[in-house]
Amino acid sequence: MTSSAASPDQLEKIRQQFEFEPYPRIPIETSPQGNANLLFIHNLMTAFYRRDRTMIDPSTACILDAGCGSGSKCLSLALANPGAKIVGVDLSEKSIELARKRLAYHGIENAEFHVLSIEELPQLGMEFDYINCDEVLYLFPDIADGLRAMKSVLKPRGIIRSNLHSELQRFMYFRAQKLFKLMGLMENNPEDLEIEIALETLKALKPEVSLKTTLRHNPEGDGRNEWVLMNLLFQEDKGYTIPDLFDGLQRADLGFISMVNWQQWNLTTLFQEPDNLPPFLAMGLPGCSIEQQLHLYELFHARHRLLDFWCSHANSTIPKLPIAEWDITHWKESTLHLHPQLKTSEVRESLEQCIEQQAPFLITRYLTASVPDGESLFIDGAIVAALLPLWDSPQPFTAVLDRYLKVRPVHPVTLEATSVETAIEQLQQIIQQLESYLYLLLDSPN
């Protein structure tokens, strides 16, 4: 695939579309403060820990929202990373105006905005710890060009989060776009007339016509124009597959870290008996690369509209010993951190109530972004009591162990004294599970 920058006409079409209908249409006063799953994704600790178990202080970071639109993601980034500097850029002056108003309304002062294309990022004269490029990269004629532009302003240890529209999941929308291009509705910037024609066309079709049965037609309310423009009449929209994503990363000399919703890309969960796969897959999967496994998933089950991923400079990962391979020395030298999105008064109050009632604590009630679909995770009351100090500050594993031995000095059935070895084994088991979902973050000098 050859590299080709966006033409002035293509950029102007995109700019005009978002001047007419800034995206997303979220009221300025709406706050994501209570949305733990959204803030979890935008918290820098999540991405940096996923890459190499790095602990980062988000309050010292400089964050770029590339293609920030009306600023809703800028607000989420600011709230998830208090104290961080937020920089937003977008082609649309109207979008930038809304983004400025949004963050000012919510009292975010350490933010600045520029009417600028992603290709022009070096003009800022800044480097960033983290770049968020949400719902933009798929508009580039060549995604490697967009990735290279962001890479040019990314710090050596920085991380990019971006996404692509799935060719397999959105195929009916791309089919609709081809239809409406043929009808001449996308020659210029689609506005009210083109929106009405598109909706009237779908409404006039018989119920059994496949385009009508698979598209939500004639939506009502304030979101009607936005839905049509971002789906049926979306200028320069394109779809991609996992191999396309990895090809773009390779050509931009960037390294893949993880899918943002990584727990929802587990191939074995698609089978009725994950531990008893068909022989061909059971023999072949262990040798498959990450790219191959992800591609198999999308071919079996194209459920995700976005191929949402994190990446960074090639070879920027710091190798660390997997926690499953730690010996007792690693554990005793480790420190436990609570993920920042769990550090709320609501979670702590519920935690203390469970401890007082000696009841298990349902942690998935408060955060599910990193957990497989439909999974509920309860934590034993004694474990919860041992972890309680994490809501105040990080704790050495040895301190958690000491507290656990005080909370559960004897076995509840046999009344035999709990040995240190037993306590360590019990803590290791639950901590590793909590760490795999990033509820707990582990730091060790290894």
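Below or above, wherever it landed, is the structure these notes cover. In this convention, every chain numbers its residues from 1, walking through the sequence in written order. Per-residue local features are limited, in this predicted model, to residues with pLDDT of at least 70; the limit for side-chain atom pairs, both in listing and counting, is 80 or more; totals at the level of whole chains, interfaces and linings are taken over all residues. To obtain the side-chain values, all non-hydrogen atoms of the structure were used and water was disregarded.

### Quick look at the overall build of the protein chain
1) Next: A tally of helices and strands in the protein chain yields 18 helices and twelve strands.
2) Next: In terms of overall size, the protein chain behaves like a compact globule, its C-alpha atoms giving a radius of gyration of 24 Å where 446 residues would be expected to give roughly 22 Å.
3) Next: Projected onto its principal axes, the C-alpha coordinates of the protein chain cover approximately 80 × 55 × 40 Å.
4) Next: For the protein chain, the proportion of its 446 residues judged to be buried stands at 50%.
5) Next: Long-range contacts, defined here as pairs at least 24 residues apart, represent 77% of the contacts in the protein chain between residues at least 6 apart.
6) Next: For the protein chain, the accessible area works out to roughly 20700 Å², and carbon and sulfur atoms hold 51% of it.
7) Next: Positive residues here are Lys and Arg, negative ones are Asp and Glu, while His and the chain termini are left out of the count. For charged residues, the charge sits on one atom: NZ in Lys, CZ in Arg, CG in Asp, CD in Glu. Positive and negative charge centroids in the protein chain, built from 38 and 59 side chains respectively, lie 2 Å apart. Helix numbering and strand numbering both begin at the N terminus, where a helix is a DSSP run of H or I of at least 4 residues and a strand a DSSP run of E of at least 2. Radius of gyration here uses only the C-alpha atoms, and the compact-globule reference equals 2.2 Å multiplied by the residue count raised to the power 0.38. Buried means the residue's accessible area, taken with a 1.4 Å probe over protein chains only, is under 20% of the maximum for its type, while exposed means over 50%, and partly exposed covers the values in between. Any two residues having at least one pair of non-hydrogen atoms within 4.5 Å are treated as being in contact. Residue exposure ignores everything except the shown protein chains as possible cover, and the areas themselves are Shrake-Rupley values with a 1.4 Å probe.

### Let's talk about the packing of helix 11 (residues 242–251) against helix 13 (residues 290–300)
1) Next: Here helix 11 crosses helix 13 at 150 degrees, and the two axes come no closer than 8 Å. Judged on the interaxial angle alone, helix 13 and helix 11 are roughly antiparallel. Between helix 11 and helix 13, the contacting residues are Ile242, Pro243 and Phe246 on the first element and Ile290, Glu291, Leu294, His295 and Glu298 on the second.
2) Next: The classification used treats Ala, Val, Leu, Ile, Met, Phe, Trp, Tyr, Cys and Pro as nonpolar, Asp, Glu, Lys and Arg as charged, and all other residues, Gly among them, as polar. Its residues assigned to classes, the contact of helix 11 with helix 13 comprises five nonpolar, one polar and two charged. Between N-to-C directions, angles cover 0 to 180 degrees, with each direction set by a line fitted to C-alpha atoms, over the stretch in contact for helices. The cut-offs work like this: below 35 degrees is roughly parallel, past 145 is roughly antiparallel, 65 to 115 is roughly perpendicular, and the gaps in between are oblique.

### Re the nonpolar core
In globular proteins that are soluble, nonpolar side chains generally tend to be buried together.
1) Next: Tyr130, Leu336, Phe361, Ile431, Leu434 and Tyr439 are the most contacted members of the largest nonpolar core, which totals 71 residues.
2) Next: Excluding its chain neighbours within four sequence positions, the residues that come into contact with Tyr130 are Ile41, Leu44, Ala47, Phe48, Cys62, Ile63, Leu64, Leu77, Ile159, Arg161 and Trp310.
3) Next: Throughout, nonpolar core names a set of buried Ala, Val, Leu, Ile, Met, Phe, Trp, Tyr and Cys residues whose side chains join them through atoms within 4.5 Å. In terms of nonpolar packing, the next biggest core, distinct from the first, is built from 49 residues, Leu121, Leu147, Leu254 and Leu277 among them.

### A few points about the sheet that holds strand 8 (residues 335–338)
1) Next: Ordered by their spatial adjacency, three strands build an open sheet running 11-8-12, and the pairing between neighbours is antiparallel. The two strands at the open ends of the sheet, each matched to only one other strand, are strand 11 (395–396) and strand 12 (440–443).
2) Next: Pairing of strand 8 with strand 11, which is carried by two bridges, proceeds in the antiparallel orientation. Across the sheet, the residue bridging to Thr335 is Pro396, located in strand 11. Here, strands pair whenever DSSP counts at least two bridges between them.

### Focus: the sheet that holds strand 6 (residues 254–259)
1) Next: Here we have seven strands laid out as an open sheet, ordered 3-2-1-4-5-7-6, and mixed in their pairing. A single partner strand is all that each edge strand has here, and the edge strands are strand 3 (111–115) and strand 6. Each strand axis lies, on average, 20 degrees off the axis of its neighbour in the sheet, ignoring direction.
2) Next: Bridging between strand 6 and strand 7 (residues 306–313) involves five bridges; their strand directions are antiparallel. If you follow Met259 over to strand 7, its bridge partner there is Phe309.

### Looking at the pattern of salt bridges
1) Next: Whenever a carboxyl oxygen of Asp or Glu lies within 4 Å of a side-chain nitrogen of Lys or Arg, that contact is scored as a salt bridge. Under the counting rule described, the total for this entry stands at 22 salt bridges.
2) Next: One salt bridge in this structure joins Asp373 and Arg303, with 2.5 Å as the shortest N-O distance. Taken together, the positions of Asp373 in the loop between strand 9 (361–362) and strand 10 (378–379) and Arg303 in the loop between helix 13 and strand 7 put the pair 70 residues apart, joining distant regions of the chain.
3) Next: When its relative accessible area of 31% is taken as the criterion, Arg303 is described as partly exposed.
4) Next: Look at the salt bridges and you will find they share partners, linking Lys73, Asp134, Arg161 and Asp308 into a network.

### Some points on empty space enclosed by the protein
Rolled over the atoms, a probe with the dimensions of a water molecule shows which regions are left empty.
1) Next: Think of a 1 Å grid over the protein atoms and nothing else: a 1.4 Å probe that fits but is trapped marks a cavity, an open set flanked by protein within 12 Å on at least five of seven lines marks a pocket, and residues with an atom within 4 Å of a point count as lining. Grid points are joined across faces, edges and corners, and a volume is the space filled by probe spheres set on the points. Using the criterion set out here, one finds two cavities of 30 Å³ or more in the structure.
2) Next: Lining the largest cavity, in full, are Leu338, Leu351, Phe361, Ile363, Ile379, Val384, Leu387, Trp391, Leu434, Tyr439 and Leu440.
3) Next: Looking at the lining of the largest cavity residue by residue, the class counts come to eleven nonpolar, no polar and no charged.
4) Next: In this structure, the second largest cavity encloses a volume near 30 Å³.
5) Next: Contributing to the lining of the second largest cavity are Ser166, Trp265, Glu298, His301, Ala302, Arg303, His304 and Leu307.
6) Next: Looking at side-chain class alone, the lining of the second largest cavity contains three nonpolar, three polar and two charged residues.

### Overview of helix 3 (residues 44–52)
1) Next: Among the nine residues that make up helix 3, eight are buried, leaving the element largely enclosed by the rest of the structure.
2) Next: Taken as a whole, helix 3 has its buried residues at Leu44, Met45, Thr46, Ala47, Phe48, Tyr49, Arg51 and Asp52.
3) Next: Measuring from the side-chain oxygen of the N-cap residue of helix 3 to the backbone nitrogen of Met45 gives 2.8 Å; that N-cap residue is Asn43.
4) Next: Within two residues after helix 3, Arg53 carries a phi angle of roughly 55 degrees, on the positive side. Nitrogen and oxygen atoms within 3.5 Å of one another constitute a polar contact, given that in protein one can donate a hydrogen and the other can accept it, and given that sequence-neighbouring residues count only through two side-chain atoms.

### A word on the packing of aromatic side chains
1) Next: In this scheme Phe, Tyr and Trp rings, the latter by its six-membered ring, pair at centre separations within 6.5 Å, and the angle between planes marks the pair as stacked below 30 degrees, edge-to-face above 60, and tilted otherwise. Tallied over the entire structure, the rule returns ten aromatic pairs.
2) Next: Here Tyr138 and Phe234 contribute two aromatic rings whose centre-to-centre distance is 5.9 Å and whose plane-to-plane angle is 85 degrees, an arrangement assigned as edge-to-face. With a gap of 96 residues between them, Tyr138 in the loop between strand 4 (128–133) and helix 6 (143–151) and Phe234 in the loop between helix 10 (224–232) and helix 11 connect regions that are remote in the sequence. Side by side, Tyr138 and Phe234 carry an identical accessibility label, which is buried.
3) Next: With centroids separated by 5.2 Å and ring planes inclined at 75 degrees, the aromatic side chains of Trp326 and Trp331 adopt a geometry described as edge-to-face.

### Here we look at unusual backbone geometry
1) Next: In this chain, Tyr23 is followed by Pro24 through a cis amide linkage whose omega measures -10 degrees.
2) Next: Examined against the element boundaries, Pro24 turns out to sit in the loop between helix 1 (8–20) and helix 2 (36–42).
3) Next: Unlike most non-glycine residues, Arg53 shows phi in positive territory, near 55 degrees.
4) Next: Considering the arrangement of structural elements, one finds Arg53 in the loop between helix 3 and strand 1 (62–66).
5) Next: Note on Arg53: relative accessible area 11%, which makes it buried.
6) Next: The phi torsion at Leu438 lies on the positive side, around 65 degrees, for a residue other than glycine.
7) Next: With respect to the helices and strands, Leu438 occurs in the loop between helix 18 (420–436) and strand 12.

### So, the state of the cysteines
1) Next: Any two cysteine sulfur atoms lying within 2.5 Å of each other are counted as a disulfide. Under the definition given, this model contains zero disulfides.
2) Next: Free of any disulfide, Cys133 has its nearest neighbouring cysteine sulfur in Cys311, separated by 9.8 Å.

Geometric descriptors of this kind do not, in isolation, establish any biological role.
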